[in-house]
Amino acid sequence: MNLQNSQFLSALQVQDQLQNQTKKPLPLKQTNPGISFQEILARQTKSADEVKFSKHAVNRLNDRGISLSENQINRLNEGTVKASAKGIKESLVIVDQMAFIVNIPNNTVVTAMNQREASENVFTNIDGAVII
């Protein structure tokens, strides 16, 4: 049987082609050659510890005119760490006159309110509270 005149290649022909191909090494991806692995790891660890804000929470902050200082964000992070250490899953974290509902496993602020919106002092669907 003559496979050379066929439109299909034989297994030997395919193997021969694969062996004769020159393999080009993939280029190394360098994000920033001036940063050490230690620094990248430290940045990633730090950002993993910081609380994130859901889209809903960002909208509530904007709608309610709430702005947070770096100190307040640090205290909010501190509150989430304390809640996590106690095994809380959905926490109310109070920083100054502001209340935040935080999903602790995802480290995400779900909603935020200032003293005016929290005037009823009723919070549902939480299993713990941290006052910082």
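Relevant structure appears above.
For every chain, the first residue of its written sequence is number 1, and the numbers climb from 1 along that sequence. Reporting of local features is limited, given that this is a predicted model, to residues whose pLDDT is at least 70; pairs of side-chain atoms are given and counted only at 80 or more, and all residues count toward the totals for whole chains, interfaces and linings. Computation of side-chain values: all heavy atoms of the structure, hydrogens and water removed.

1. What to know about the overall build of the chain
Reasoning step 1: A count of helical and extended segments in the chain gives four helices and five strands.
Reasoning step 2: Only runs of H or I of at least four residues qualify as helices and only runs of E of at least two qualify as strands under DSSP, and these elements are numbered from the N terminus. Secondary structure elements in the chain, listed N-terminal to C-terminal, are α-α-β-α-α-β-β-β-β.
Reasoning step 3: What makes two residues a contact is simply this: any of their non-hydrogen atoms within 4.5 Å. Partitioning the contacts of the chain with sequence separation of at least 6, the portion at a separation of at least 24 is 59%.
Reasoning step 4: Surface summary for the chain: the accessible area is close to 10,100 Å², and the carbon and sulfur share equals 52%. Here the open area of atoms and residues is found with the Shrake-Rupley method and a 1.4 Å probe, where only the protein chains shown may cover a residue.

2. A closer look at the side chain of Q72
Reasoning step 1: By secondary structure assignment, the location of Q72 is in helix α4 (residues 70-85).
Reasoning step 2: Excluding residues within four positions of it along the chain, Q72 makes contact with S67, V95, D96 and M98.

3. Describing the sheet that holds strand β3 (residues 98-103)
Reasoning step 1: Here, any two strands with at least 2 DSSP bridges between them count as paired. Pairing is mixed across the open sheet formed by five strands, whose spatial order is β1-β4-β3-β2-β5. Each end of this open sheet is capped by a strand with a single partner; those strands are β1 (52-53) and β5 (128-131).
Reasoning step 2: When β3 meets strand β4 (residues 108-113), the two strands line up antiparallel, connected through five bridges. Paired with V102 across the strands is V109, a residue of β4.
Reasoning step 3: Axes, fitted as lines to C-alpha atoms, cover a helix only where it is in contact. Angles between the N-to-C directions of the axes lie from 0 to 180 degrees. Lying over the sheet, helix α3 (residues 55-63) contacts β1, β3 and β4, oriented at roughly 25 degrees with respect to β4.

4. Looking at the pairing of β5
Reasoning step 1: Accessible area is worked out with a 1.4 Å probe on protein chains only. A residue is then buried under 20% of its type maximum, exposed over 50%, and partly exposed in between. What you see with β5 is a clean split: G128 and V130 sit on the buried side and A129 and I131 on the side with no burial.
Reasoning step 2: The pairing of strand β2 (residues 90-95) with β5 spans four bridges and is classified as parallel. Pairing of V93 across the sheet is with V130, part of β5.

5. Re unusual backbone geometry
Reasoning step 1: Although it is not a glycine, N107 adopts a positive phi angle of roughly 55 degrees.
Reasoning step 2: Position of N107 relative to the elements: it lies in the loop between β3 and β4.
Reasoning step 3: Of note in this structure, N125 is not a glycine but carries a positive phi near 60 degrees.
Reasoning step 4: With respect to the helices and strands, N125 occurs in the loop between β4 and β5.

6. Some words on the side chain of T111
Reasoning step 1: In this structure, T111 sits in strand β4.
Reasoning step 2: Classification of T111 as buried rests on a relative accessible area of 15%.
Reasoning step 3: The contacts of T111, once residues within four sequence positions are left out, are H56, A57, R60, R64, A99, F100 and I101.

7. Describing the layout of surface pockets
Reasoning step 1: If you add up the space inside the largest pocket, you get close to 150 Å³.
Reasoning step 2: For the largest pocket, the full set of lining residues is I94, D96, Q97, M98, A99, Q115, A118, S119, N121 and F123.
Reasoning step 3: Residues belonging to the lining of the largest pocket are distributed by class as follows: five nonpolar, four polar and one charged. Both cavities and pockets are sets of points on a 1 Å grid over the protein atoms alone; in a cavity a 1.4 Å probe fits but cannot get out, in a pocket the set is open with protein on both sides within 12 Å along at least five of seven lines, and lining residues sit with an atom within 4 Å of a point. Grid points are joined across faces, edges and corners, and a volume is the space filled by probe spheres set on the points. Here the term charged refers only to Asp, Glu, Lys and Arg, the term nonpolar to Ala, Val, Leu, Ile, Met, Phe, Trp, Tyr, Cys and Pro, and the term polar to all other amino acids, Gly among them.

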